[in-house]
Amino acid sequence: MSWSEFIYFAAGSLILWYNGTLALYKSKNALWGNLLIAGGILLFAAFIGLLWASMDHPPLRTMGETRLWYSLFIVLVGYATYLRWKYKWLMAYSVVVSTVFVLVNLLKPEIHTTNLMPALQSIWFVPHVTVYILSYAMMGAATIAALIALWREEGKEGELFALIDNLIFIGFGFLIAGMLMGAIWAKEAWGDYWTWDPKEVWAFITAASYLVYLHASYANIPKRKALLIIPLAFIMLIITWLGVEYLAVAQESIHSY
Amino acid sequence: MAGKSKGKQETFIRELLFILAVTIAGFALQFVIGTLDFAIFAWPVNIVLAALLLALAFIKPDSAAGKFGSGRVSVILLVSITVMSIYMGLVPGNDVKHSWPFAFTYLMIMANLALTIGRRMRNFKLKRDYSFMLNHFGLFLLLVAAGPGSADMHRYFIRVAEGQTEWRGEGEGSQTPKELPLAITLNDFSMEEYSPRIALIDKATGETQPSGKPSLIDCVEGTEGIIAGWSVAVDTFEYRPRMAPRAYITATRKAGNSVLSGWVSCGNHFQPFSVLDVSEKLCFAMTFPEPKKFSSDVIVYTKSGVEKKGVVEVNKPLTAGSWKVYQYSYDTRAGRDSEISVFELVYDPWIIPVYAGIILVMLGSLTLFWRGGKKE
Ligand code: HEM
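Residues numbered from 1 in each chain as written. Chains lettered and ligands numbered in written order. Predicted model: local features only at pLDDT ≥ 70, side-chain atom pairs only at ≥ 80, totals over all residues. Heavy atoms only, no water.

Looking now at the overall build of chain B. Scanning chain B for helices and strands turns up 6 helices and 16 strands. Radius of gyration (C-alpha) of chain B: 30 Å, far over the 21 Å computed for a compact globule of 376 residues. Looking at chain B as a whole, 44% of its 376 residues are labelled buried. Expressed as a percentage of contacts within chain B between residues at least 6 apart in sequence, the contacts between residues at least 24 apart total 57%. Surface accessibility of chain B: about 19,700 Å² in total, with carbon and sulfur atoms responsible for 62%. Looking at charge distribution, chain B has the averaged site of its 39 positive side-chain charges lying 15 Å from that of its 34 negative ones. (Helix = DSSP H or I, 4+ residues; strand = E, 2+ residues; numbered from the N terminus. Rg over C-alpha atoms; globule rule 2.2 N^0.38 Å. Buried < 20%, exposed > 50% of the residue type's maximum accessible area, 1.4 Å probe, protein only. Contact = heavy atoms within 4.5 Å. Areas by Shrake-Rupley, 256 points an atom, 1.4 Å probe, with all protein chains shown as cover. Lys, Arg positive; Asp, Glu negative; His and termini not counted. Charge placed at Lys NZ, Arg CZ, Asp CG, Glu CD.)

What follows is the structure, given as structure tokens:
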């Protein structure tokens, strides 16, 4: 098995995943969707297994190889979350993200051609960044849901409270996981897991803001008032993601390359 | 009912005032003493502090001190540390992370966590509390080990020439070499580089063309590409040891039928660079090759007699006893011909509890996927 066969396995898996997700939306019986998605996962995992068997080490060394795992894991996480919470859109979303990574692997197998500096060449790079992006997507969805709930009259929020809390809890899980993977990576690359570098400071602010929301009910903050924390926290998130390099403190950052 | 909620209001205000008082005391200390010297937490102070914090878990939850472990208090503290961090993230050159008010808030958070863990332990039900415990105990462990624990961290920088053994290094921010508990023999330093690239440059500003959307061509023999209307071919590329890389290129302008050719080189510490002039304003030049990977083949000796052979690379430190050896730098003027390697040595005795805390919180974050926003 080698990378030249990747396209057949990847195309097969993606076709199964797209049709499976479509079946979840269209068909009353979830069985077909489940079968197709599980089939896609098995097919993709089979490629990794065969590739692994044909090399003398696990395929985890190059960027292309880590993207391979990510393409599979994102669908696994999306599917597991779907099974638990029945959010079809999350399943659809994870298949789209997986497609992006499969395409990158097909069109640009080695990211090294774009002069990746040595510190970025780590197995933590891909999971750290992608888990964060996943979290950002869920927090974005939660922010929209919170604004809709605030827009509605009091008492008419319907199912929104439960949806918002699920999104924030799951999104926060990803946020913390991304942050901790970043800490492990920083230890490997620079000898220290946390240095209060500007990007880290803002990641901390973001996480702490969401923690205020998670604990708000204990301070007797009414639910609707607590919802206001969500857009505020999202502003912090946007600053962390896109804004840090424009701040005056950014000159002190090791995160801007 | 009204009386009960009034009582709650009173505790809330008392807690708020307490936190405010501690924070103000922090500011006062900051004024009088100045920046907090983290070294005061060095062993055994940090372990005593950790034990005292853990002892808080045995305090009765209904006592005045025990109430400090409430969810209300956690919200006040989280808001407070967020505000301080926003200042840290906005104002250049601040030293909030080494300030007394910040340290006191951090301390109160650890106390709040210890108290709330203690309360949950009193009637622990695995199914109900596992998520809470993973998150809060993991975080507690992480905060203790990464906060006061980090005062025991030592880091040094050490420069070693190929074929030599070195045991003297410099501490952080100090220039005076001192003897270290570790020696390193450098057998070999080696480096891989990305190909240098050909660029069209504005001589006055140094900007690569086309401006705003520069295009560059990899210096690999036989490569061709287009830069701002010029078709550029790399005819030969030479890169010998100790010599600067150089390439013979031919550039053809499609409109106007002009052809230019000649040698370009980025130069190095000993040799001047050379460019191929296009006009008064523009020239073709070569960029410096960027490092792709650098590593050192070393033997590390510790005072306790551990001897460890291995290769140290960026992102792949070598562990010897409680020390980790990181590839830090090299003689950047010599680039891949460097015969010197610079290492960072880190001694971090609390790294195990830090990783344990990280793993617990990671497991805790997995429980969040499963449980979602469901309240117990
Ligand atoms: C990884 C980060 C954290 C997560 C995921 C988290 C999550 C939670 C959750 C879900 C609860 C509610 C549990 C329940 O409903 O019974 C809770 C309670 C609580 N949390 Fe956190 N928390 C985190 C960090 C913190 C921090 C930093 C503090 C301290 C400042 C804190 C203090 C508390 C307190 C005091 C309670 C109330 C416990 C009780 O009254 O039984 N938590 N937390």
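Where interface size is quoted, it is often the accessible area lost as the parts come together. Residue and element names in this part refer to chain A. With domains assigned, chain A is organised as domain 1 (1-60 + 81-105) and domain 2 (117-257). One C-alpha centre belongs to domain 1, the other to domain 2; they are set 27 Å apart. The partner domain 2 presents 10 residues to the 8 residues of domain 1 that form the contact. Buried surface at the junction of domain 1 and domain 2, summed over both partners, amounts to about 740 Å²; 78% is from carbon and sulfur atoms. Put simply, domain 1 and domain 2 have 0 salt bridges between them. At the boundary of domain 1 with domain 2, the tally comes to 1 residue pair in polar contact (both at pLDDT 80 or more). For the side of domain 1 that touches domain 2, the elements supplying multiple residues, two or more each, are α3 (63-85) and α4 (88-107). In terms of residue count, the dominant contributor to the side of domain 1 that touches domain 2 is α4 (4 residues). (Domains from an automatic or database assignment. Buried area = accessible area lost by both parts, 1.4 Å probe. Salt bridge = Lys/Arg side-chain N within 4 Å of Asp/Glu carboxyl O. Polar contact = N/O pair within 3.5 Å; in protein donor to acceptor, adjacent residues only side chain to side chain.)

Attention now goes to the environment of A:G173. All names here are of chain A. Tracing the backbone shows G173 in helix α6 (residues 160-190). Classification of G173 as buried rests on a relative accessible area of 0%. Remark: the alpha-carbon pair of G173 and V131, spanning 42 residues in sequence, is separated by 9.6 Å.

Turning to the confidence of the model for chain B, a few remarks are in order. With 98% of its residues at a pLDDT of 70 or more, chain B has an overall mean of 91. Predicted complex, confidence summary: ipTM 0.89, pTM 0.86. (pLDDT = per-residue confidence, 0-100.)

It is worth spelling out the packing of aromatic side chains at this point. Tallying each qualifying case throughout the model produces 32 aromatic pairs over all chains. Geometrically, the ring pair formed by A:W194 and A:W196 is edge-to-face, given 5.9 Å between the ring centres and 90 degrees between the ring planes. Taken together, the ring pairs connect A:W3, A:F6, A:F9, A:W17, A:F44 and A:F47 into an aromatic cluster. Directly above the aromatic system of A:W85 lies the positively charged group of A:R84, at a separation of 4.5 Å from the ring centroid. The ring of B:W167 has B:R168 lying over it, and the distance from NZ or CZ to the ring centre is 5.4 Å. (Phe/Tyr/Trp six-rings, centres within 6.5 Å; stacked < 30°, edge-to-face > 60°. Lys NZ or Arg CZ within 6 Å of the ring centre and 35° of its normal.)

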